[in-house]
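Residues per chain are reported as follows:
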Amino acid sequence: MRACRPILDGVLSRVNIDSSDRSPNAVSGELLTKMFFGGFVRLHILYHAVKEPIFGVEMMEELARHGYDVGPGTLYPILHQLEEAGYLTVHTEVVGGKQRKYYRATAEGAQALEEAKAKLRELVKEVVHDDTPTPSIRSKGRKPGREGR
Ligand SMILES: [Zn+2]
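Figured I'd write up the structure that's included with this text. (Residues numbered from 1 in each chain as written. Predicted model: local features only at pLDDT ≥ 70, side-chain atom pairs only at ≥ 80, totals over all residues.)

Concerning the pairing of strand 2 (residues 98-105)
Part 1: Bridge analysis of strand 1 (residues 88-95) against strand 2 gives eight bridges, and the strand direction is antiparallel. Counted as the bridge partner of T89 is R104 from strand 2. (Pairing = 2+ DSSP bridges. Helix = DSSP H or I, 4+ residues; strand = E, 2+ residues; numbered from the N terminus.)

As structure tokens, this is what we get:
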């Protein structure tokens, strides 16, 4: 990856893209992944790991079924992150003569999923169903264009 121009450094490094020429669609697809889908993928992993032990290849297939193109270079670091966070435990089994790592949610992982579910429900209610208690976030006396308190 080539270096970002300094003025964009903060922005670009946060979403981890470079500034090389790409079609707008390719950039927005990557942006979507970095900005939002990473969280969806983590939640999806956690959801399945609460239900049963999972392993990398089947999890990639499951994510692909849902339209997420997640390769091993993305999945395994995420599994490792979740393990480091204390949300997953890992154990190794020999399957067909090969070692396979299984990941299972911990109690903390299950709790994190429950908390995320509550947030998800609220998000789906508003963003998907457009079910908002107030027509605008500005309707509580804030003036447009100003950062009210
Ligand atoms: Zn699934």
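So that's the structure; there's more coming.
Describing the nonpolar core
Part 1: Formed by 14 residues in total, the largest nonpolar core has its most connected members in I45, L46, A49, L82, Y87 and L88.
Part 2: Of all the elements in the fold, those that place two or more residues in this core are helix 2 (24-51), helix 3 (56-65), helix 4 (72-84) and strand 2.
Part 3: It is helix 2 that contributes the most residues to this core, three residues altogether.
Part 4: Among residues more than four places away in sequence, those in contact with A49 are I54, L88, Y103, R104, A105 and G109. (Core = buried A, V, L, I, M, F, W, Y, C linked by C-beta atoms within 7 Å. Buried ≥ 20, exposed ≤ 12 C-beta atoms within 10 Å, placed from the backbone. Contact = placed C-beta atoms within 7 Å.)

Quick look at helix 5 (residues 107-128)
Part 1: The terminal C-alpha atoms of helix 5 lie 30 Å apart, and with 22 residues this matches the ideal 32 Å at 1.5 Å per residue to within 8%.
Part 2: Counting buried positions along helix 5 gives two out of 22 residues, so the element sits mostly on the surface.
Part 3: Once helix 5 ends, the next one or two residues include D130, with phi positive near 55°. (Expected span 1.5 Å × (residues − 1).)

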